[in-house]
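Residues per chain are reported as follows:
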Amino acid sequence: MKRILITGGGGFLGSHLSDRLIAEGNEVLCMDNFFTGSRMNIHHLLDHKNFELIRHDVTFPTYVEVDEIYNLACPASPVHYQFDPVQTTKTSVIGAINMLGLAKRLKIKILQASTSEVYGDPEIHPQPESYRGNVNPIGPRACYDEGKRCAETLFFDYHRQHDVKIKVMRIFNTYGPRMNQNDGRVVSNFIVQALKGKDITIYGNGKQTRSFCYVDDLIDGMYRLMNSRDSFTGPVNIGNPGEFTMLELAEKIIDLTGSKSKLVFQPLPQDDPLQRKPIIDMAKNELGWEPKVPLEEGLKKTIAYFETVI
Ligand code: NAD
Ligand code: UDP
Ligand code: UDP
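Residues numbered from 1 in each chain as written. Chains lettered and ligands numbered in written order. Predicted model: local features only at pLDDT ≥ 70, side-chain atom pairs only at ≥ 80, totals over all residues.

Novice: Which residues make up the overall build of the protein, and what are the values?
Specialist: In terms of helices and strands, the protein carries nine helices and 13 strands. Against the compact-globule benchmark of 19 Å for 310 residues, the protein has a radius of gyration of 19 Å, which places it among compact chains. Expressed as lengths along the three principal axes of its C-alpha atoms, the size of the protein is roughly 55 × 45 × 40 Å. By the burial criterion, 45% of the 310 residues in the protein qualify as buried. A separation threshold of at least 6 residues defines the contact pool for the protein, and within that pool the share at least 24 residues apart is 80%. (Helix = DSSP H or I, 4+ residues; strand = E, 2+ residues; numbered from the N terminus. Rg over C-alpha atoms; globule rule 2.2 N^0.38 Å. Buried ≥ 20, exposed ≤ 12 C-beta atoms within 10 Å, placed from the backbone. Contact = placed C-beta atoms within 7 Å.)

Novice: With reference to specific residues and values, describe the domain arrangement of the protein.
Specialist: Parsing the protein into structural domains produces domain 1 (3-174 + 215-238) and domain 2 (176-210 + 242-274 + 293-308). Using only C-alpha atoms to locate each centre, domain 1 and domain 2 end up separated by 25 Å. Between domain 1 and domain 2, the contact holds 21 residues from the first and 14 residues from the second. Breaking the side of domain 1 that touches domain 2 down by element, the ones donating at least two residues are helix 1 (12-23), helix 2 (78-81) and helix 6 (215-226). Considered class by class, the residues forming the side of domain 1 that touches domain 2 number six nonpolar, eleven polar and four charged. (Domains from an automatic or database assignment. Nonpolar A, V, L, I, M, F, W, Y, C, P; charged D, E, K, R; others polar.)

Novice: Give me the lowdown on helix 1, citing residues and values where you can.
Specialist: Along its twelve residues, helix 1 runs 17 Å from first to last C-alpha, staying within 8% of the 16 Å computed at 1.5 Å per residue. Within helix 1, nine of the twelve residues are buried, leaving the element largely enclosed by the surrounding structure. All buried positions along helix 1 are accounted for by Phe12, Leu13, Gly14, Ser15, His16, Leu17, Ser18, Asp19 and Leu21. Immediately beyond the C-terminal end of helix 1, within one or two residues, lies Gly25, with a positive phi of roughly 95 degrees. (Expected span 1.5 Å × (residues − 1).)

Novice: Requested: an account of the site of ligand 1, with residues and values cited.
Specialist: Around ligand 1, a shell composed of 29 residues is seen, among which Gly8, Gly11, Leu13, Thr36 and Gly37 lie nearest. Of all the elements in the fold, those that place two or more residues in the shell around ligand 1 are helix 1, helix 3 (85-106) and strand 5 (109-115). The element best represented in the shell around ligand 1 is helix 1, accounting for three residues. Along the lines of polarity and charge, the residues of the shell around ligand 1 split into twelve nonpolar, 15 polar and two charged. (Near = placed C-beta within 6 Å.)

Novice: A description of the UniProt feature "domain: NAD(P)-binding" (unreviewed entry) in the protein should follow, citing residues and the corresponding values.
Specialist: Sites flagged by UniProt as "domain: NAD(P)-binding" (unreviewed entry) map to residues 5-302. For residues 5-302, the helix share is 37%, the strand share is 17%, and the end-to-end C-alpha distance is 27 Å. (UniProt positions renumbered as here; feature names shortened; annotations may be inferred.)

Novice: Would you mind going over the confidence of the model for the protein in detail, with residue names and values included?
Specialist: Here the protein averages 97 in pLDDT, while 100% of its residues score no lower than 70. Here the predicted complex scores 0.98 on pTM and 0.98 on ipTM. (pLDDT = per-residue confidence, 0-100.)

Novice: Lay out unusual backbone geometry in plain terms, naming residues and giving numbers.
Specialist: For the peptide bond that leads from His125 to Pro126, omega is -10 degrees, which places it in the cis range. With respect to the helices and strands, the residue Pro126 is situated in the loop between strand 5 and helix 4 (142-162). A positive phi angle, close to 55 degrees, is found at Lys107, a residue other than glycine. Lys107 sits in the exposed class, given 10 other C-beta atoms within 10 Å. One non-glycine residue, Asp163, lies in the positive phi region at around 60 degrees. Position of Asp163 among the secondary structure elements: in the loop between helix 4 and strand 6 (166-171). We classify Asp163 as exposed; it has 10 C-beta atoms within 10 Å.

Novice: Lay out helix 6 in plain terms, naming residues and giving numbers.
Specialist: Its twelve residues give helix 6 an end-to-end C-alpha distance of 17 Å, which sits within 8% of 16 Å, the value for a rise of 1.5 Å per residue. What helix 6 keeps buried is the set Val215, Asp217, Leu218, Ile219, Gly221, Met222 and Leu225.

Novice: Give me the lowdown on the sheet that holds strand 4 (residues 68-71), citing residues and values where you can.
Specialist: Pairing between the strands of a sheet comes from backbone hydrogen bonds, and it takes one of two forms, parallel or antiparallel. One open sheet holds the seven strands; their spatial order is 3-2-1-4-5-6-11, and the pairing between them is parallel. A strand with exactly one partner marks an edge of an open sheet, and here the two such strands are strand 3 (51-55) and strand 11 (236-238). Averaged over all pairs of adjacent strands, the angle between their axes in this sheet comes to 20 degrees, without regard to strand direction. Relative to strand 4, strand 1 (residues 3-7) runs parallel, the two sharing four bridges. Residue pairing across strands places Ile4 opposite Glu68, the latter belonging to strand 4. Of the strands in this sheet, strand 4, strand 5, strand 6 and strand 11 are in contact with helix 6, which crosses strand 6 at around 160 degrees. (Pairing = 2+ DSSP bridges. Axes fitted to C-alpha atoms, helices over the stretch in contact; angles between N-to-C directions.)

Novice: How would you sum up the nonpolar core? Please name residues and give values.
Specialist: Core analysis: the largest hydrophobic core is formed by 73 residues, its most contacted members being Ile6, Leu100, Met169 and Phe190. Among the elements that take part in this core, helix 4 stands out by supplying seven residues, more than any other. Counting contributing residues per domain, this core is built from domain 1 (3-174 + 215-238) and domain 2 (176-210 + 242-274 + 293-308), each supplying no fewer than three. Among residues more than four places away in sequence, those in contact with Phe190 are Ile200, Leu249, Ala250 and Ile253. (Core = buried A, V, L, I, M, F, W, Y, C linked by C-beta atoms within 7 Å.)

Novice: Talk me through the packing of helix 7 (residues 246-257) against helix 9 (residues 295-309); I want residue IDs and the actual numbers.
Specialist: In the contact formed by helix 7 and helix 9, the axes pass within 10 Å of each other and the chain directions differ by 55 degrees. One element, helix 7, and the other, helix 9, form an angle in the oblique class. Classified by chirality, the crossing of helix 9 by helix 7 is right-handed. Of the residues in helix 9, those touching helix 7 at Lys252, Ile253, Leu256 and Thr257 are Leu295, Glu296, Leu299, Lys300 and Ile303. Considering only residue class, the contact of helix 7 with helix 9 consists of five nonpolar, one polar and three charged. (Parallel < 35°, antiparallel > 145°, perpendicular 65-115°, else oblique. Left-handed = near helix turned anticlockwise from the far one by under 90°.)

Put into structure tokens, the structure is as follows:
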């Protein structure tokens, strides 16, 4: 049995990771300041003997004794990470320094939840891990994109300079139960709008694309990465290569919910990437991983979840 620290453990991905790690027989120490996460996400774990919750902001040092760290703390949706952009950069950068300092002192493995946003608005399509990205360093998304890029730099420098064992995962858009219904992400927005019979808000002409990975697939990739051979550091793309336009996504959700909602068009936010799709050969070869849940099946499960909470 390992004692495992998950920063951001009260969030969407962190709560599913907590479930998985406890199911594998580990103890989970969940650290969260509940900026975007919620106690509801981990409500079912609060009395579990192998689960412990610490309310703490990762931008401040932490002295705990654990065997592994998954560093997920960071607001992930544009609405939330742009709400207090300075805090977003601090969370990514100072949070990474503190967690890497902890990993260095304890001589333990640490996994970083990085993002496809390190590729910015990509000029290469689909994106391999070797692509260095096209990020606007002074735009409204930069606090997130550059914060995550700097965190990757820190991970690789702690690895080279201090021999810290690292795993860097570039996560592509992920959806599923326990997404925050107010965080403005496209899947949660469209489902909530469809279920409430409200207009579905398409930003721009809706022809921009994203690749959506169901949360169970994503968590499986994360677990496999943490437990891969020591010399494999990544960065590795984890995402579902199925690529859809926002118009296609809206149509699918209207179909699956039987909603009468209409589409309305709103301005495209600044620096919104036009296309995004992972190349996942590295994950297939190194981790034996590929996504299993097709979009429609994942959307049905997510819709069923939102029906219970809205
Ligand atoms: P989320 O917002 O649901 O979870 C993030 C968690 O971090 C929340 O519980 C929040 O309260 C916590 N947090 C934020 N700032 C903190 C701080 N300073 N100290 C302690 N806790 C803090 O988002 P998520 O979708 O679960 O994302 C988890 C991680 O995965 C993030 O690092 C995100 O950047 C990354 N990621 C997610 C996606 C996705 O599609 N969901 C895609 C790429 C990367
Ligand atoms: N740190 C921490 N917990 C630990 C060890 C370190 O929070 O158990 C923090 C510490 O505050 C420091 C950061 O991690 O600022 C980086 O640690 P490192 O050892 O790399 O740097 P140093 O302490 O030498 O500045
Ligand atoms: N989007 C949209 N309507 C919404 C919310 C988002 O058309 O109500 C678009 C957004 O402009 C982007 C895509 O959906 O092109 C994915 O947005 P999200 O915020 O979910 O993720 P990210 O842009 O970070 O990939």
